[in-house]
Structures are given as structure tokens and as C-alpha cells.
Amino acid sequence: MKVVNSLKSMKDRHKECRIVRRKGRLYVINKRNPRFKARQG
């Protein structure tokens, strides 16, 4: 899991990436490739 300032660059890594909001934090998740995870700092 990477912690980044801007999730836009992380979302563009793969077309399956989705931005979800959990517990007040923004996350990028990818169900097909679970390595692509990020959280907004």
C-alpha cells in the first residue's frame, strides 16, 4: 500500500483501478491486480 498526496496518478496505472472512500480516507483498489493499492495521505 502506497501513501500518496494525489490519487489521480495511482488511478491511471491500470484501467481496473477504482477510488473508494472508507472511514473518511480515500483509497485506490484493484480487484484484478491486488498489488495496486494506495491511500491518500
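None of these values were measured; they are calculated from a predicted model. Numbering of residues starts from 1 in every chain and runs along the sequence as written. Where totals are concerned, whole chains, interfaces and linings use all residues; where local detail is concerned, this predicted model gives features only for residues with pLDDT of at least 70, and gives and counts side-chain atom pairs only at 80 or more. By convention in this description, side-chain values take in all heavy atoms of the structure and omit both hydrogens and water.

Re the overall build of the chain
This is how the line gets drawn: Numbering goes from the N terminus for both helices and strands, where a helix is a DSSP run of H or I of at least four residues and a strand is a run of E of at least two. Throughout this description, buried means an accessible area under 20% of the type-specific maximum (1.4 Å probe, protein chains only), exposed means over 50%, and partly exposed covers the range between. The contact criterion used is simple: two residues touch if any of their non-hydrogen atoms lie within 4.5 Å. Exposure was quantified through the Shrake-Rupley algorithm and a 1.4 Å probe, taking into account, for residues, occlusion by the shown protein chains and nothing else.
Each helix and strand in the chain was counted, giving one helix and four strands. The order of helices and strands in the chain, counted from the N terminus, is β-α-β-β-β. Considered along the principal axes of its C-alpha atoms, the chain spans approximately 25 × 20 × 15 Å. The buried share of the chain, taken over its 41 residues, is 27%. Across the chain, contacts joining residues at least 24 apart in sequence account for 30% of those joining residues at least 6 apart. Total accessible area on the chain is roughly 3400 Å²; 46% of this is exposed by carbon and sulfur atoms.

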